[in-house]
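# Reading the structure
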Amino acid sequence: MTLFEKSQPGCGNQLLASLDVPTVELESAFVRQSEWTLPAMAEADLSRHYTELAEKTHGVNNGFYPLGSCTMKYNPKINEALAALPGFTEIHPLQPLESVQGCLEVLYKAEQALCEITGMDAMSFQPAAGAHGEFTGLLLIKAYHQSRQDHKRTKILVPDSAHGTNPASASMAGFTIVNIPSNDEGCVDLEALRAAADEETAGLMLTNPNTVGLFDRNILEITKIVHEAGGLNYYDGANLNAIMGIVRPGEMGFDVIHLNLHKTFSTPHGGGGPGSGPVGCKDFLIPFLPNPHAVVLEEEYSWEESLHSIGRVRAFYGNFLVVVKALAYILTLGKEGIPEAAANAVLNANYMLTKLKDLYPPAYDGLCMHEFVLSLEKLKKEKGVSAMDIAKSLLDYGIHPPTMYFPLIVPEALMVEPTETESKQTLDEAVEAFRTIYATAISEPEQLHAAPQSTVIGRPDEVQAARSPIVRWRPEHQ
Ligand SMILES: *Cc1c(COP(=O)(O)O)cnc(C)c1O
């Protein structure tokens, strides 16, 4: 029920003071044509309404959330507290530089720390999310080839396991996409890559570990093939949680990267933001980074503009408070804590995989990195129970479903990413839930088609929900 439906005429307070300034007549185009409708209710009821709504939402604060490829880790609240300091929130982007030196210092230090972690030479915080970072990074690649008058490089190589945003961003940046198949181990097929890389190749987009949770051991060979063909290598940093502080994309042969601060570096996400998708690059690409860029000039922080920049990709300086949280997180964990977080993410994923794989066959053999992909193809054939049925059943155990039907190359895929912040006890409970659901799938498969039983809504029409969501209540007469 919405506030409007709960409204009781006569309830609530009239807090607005009566008008004590002259009335101004507005043009009719700017004047409301019908009565306005505001809900009337007591303050306590209003507060309860929002608490009820919050309880209906599943978040990492009330349950396990192993949504693969998304890194839904628990984010320490201290970072929120720091980002809420008035010195960070009560500022204006057009304020004189000497009054916001601390904020520029945050951007500068975060850039230094993230460059150290990734092996890049500079970074821009303008992009607001990962996909936006991809688009920005591809514009850097484009600007680079154009600066060399190398106009025939119009193709971006993308492995078939890639996240959907990769080909979408490449297409938005004006490139054509060449699909590179994966081999039986779930990694890049080197022969196919060699055959595809040529003088029309602008670059390759890759995430490592990849979207099936495997570290591509041929990474040096892969980036070399692309470099030798004259292309650049783009690293999709969404999976950095598995390797941060352990191995650097810069040393794997990548020239441009994006990070998802809202996945790896402690900003809650889901529900639409705000996020941050900084783009990092090697020094030969720095002139093309978005303007402006925070630098230290004569012991003062300042903005630098490059003549060859691709320009701005967003107003002002990006989602600054997300950068504050990322820096707080990095400084809290430090040089020891960052690789430890990555190692625990990998350990937790392998622990769950080992405890599940006798019932739920992994799509690929061997150890995984921070996430793993199961294929329910056999269960679907034999019992008619799909990945969707299992995912929906998990909701009845208070667990957010893993990512489903992705990557596209795995039939009936369930992609599980426990993250480093979960305890062994939580992982054991989740394993127990998966195993109980499996037993039900064998004994009473029909029961799973009816799941979930305990949620407010069960199986919405997903296409309708995605294409025409109703996110606003409207009074009947509108
Ligand atoms: C999440 C993700 C993206 C896109 O990032 P957004 O911040 O959601 O735009 C790209 N690639 C991979 C592998 C991802 O997991």
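### Some remarks on the sheet that holds strand β11 (residues 403–404)
Taking strand neighbours across the sheet as the criterion, the three strands line up as β10-β12-β11 in an open arrangement whose pairing is antiparallel. With one partner strand each, in any of the chains shown, β10 (372–375) and β11 form the two edges of the open sheet. Where β11 and strand β12 (residues 413–416) come together, two bridges link them in antiparallel fashion. Bridged to M404 within β12 is L414.

### A short note on the environment of K325
Tracing the chain through its elements places K325 in helix α12 (residues 320–356). Judged by relative accessible area, K325 falls into the buried class, the value being 10%. Sequence spacing of K325 and G68 is 257 residues, and the spatial spacing of their C-alpha atoms is 22 Å. Each residue touching K325, except ones within four places of it in the same chain, is listed here: N79, E80, A83, F265, S266, T267 and P268.

### Details of the packing of α12 against helix α15 (residues 424–443)
Axes are the key here: two packed helices are described by the angle between their axes and the distance separating the axes. Relative orientation of the contacting elements α12 and α15 amounts to 30°, with a least axis distance of 10 Å. Taken together, α12 and α15 sit at an angle that is classed as roughly parallel. The element α12 and its partner α15 pack so that their crossing is right-handed. For the pair formed by α12 and α15, the contact residues are N348, Y351, M352, K355 and L356 on the first element and K424, L427, D428, A430, V431, F434 and R435 on the second. By residue class, the composition of the contact of α12 with α15 is seven nonpolar, one polar and four charged.

### Some thoughts on the site of the ligand
In the vicinity of the ligand, the residues found are S69, A129, G130, A131, E134, H163, T165, D236, A238, N260, H262 and K263. The side chain of K263 places a nitrogen or oxygen atom 2.8 Å from an oxygen atom of the ligand. Burial of the ligand by the protein amounts to 87% of the accessible area it has alone, namely 380 Å². Elements with a minimum of two residues in the shell around the ligand: α6 (130–147) and α11 (261–264). If one sorts the elements of the shell around the ligand by residue count, α6 sits on top with three residues. The class makeup of the residues in the shell around the ligand is three nonpolar, six polar and three charged.

Procedures and definitions
Residues numbered from 1 in each chain as written. Predicted model: local features only at pLDDT ≥ 70, side-chain atom pairs only at ≥ 80, totals over all residues. Heavy atoms only, no water. Pairing = 2+ DSSP bridges. Helix = DSSP H or I, 4+ residues; strand = E, 2+ residues; numbered from the N terminus. Buried < 20%, exposed > 50% of the residue type's maximum accessible area, 1.4 Å probe, protein only. Contact = heavy atoms within 4.5 Å. Axes fitted to C-alpha atoms, helices over the stretch in contact; angles between N-to-C directions. Parallel < 35°, antiparallel > 145°, perpendicular 65-115°, else oblique. Left-handed = near helix turned anticlockwise from the far one by under 90°. Nonpolar A, V, L, I, M, F, W, Y, C, P; charged D, E, K, R; others polar. Near = heavy atom within 4 Å. Polar contact = N/O pair within 3.5 Å; in protein donor to acceptor, adjacent residues only side chain to side chain. Areas by Shrake-Rupley, 256 points an atom, 1.4 Å probe, with all protein chains shown as cover.

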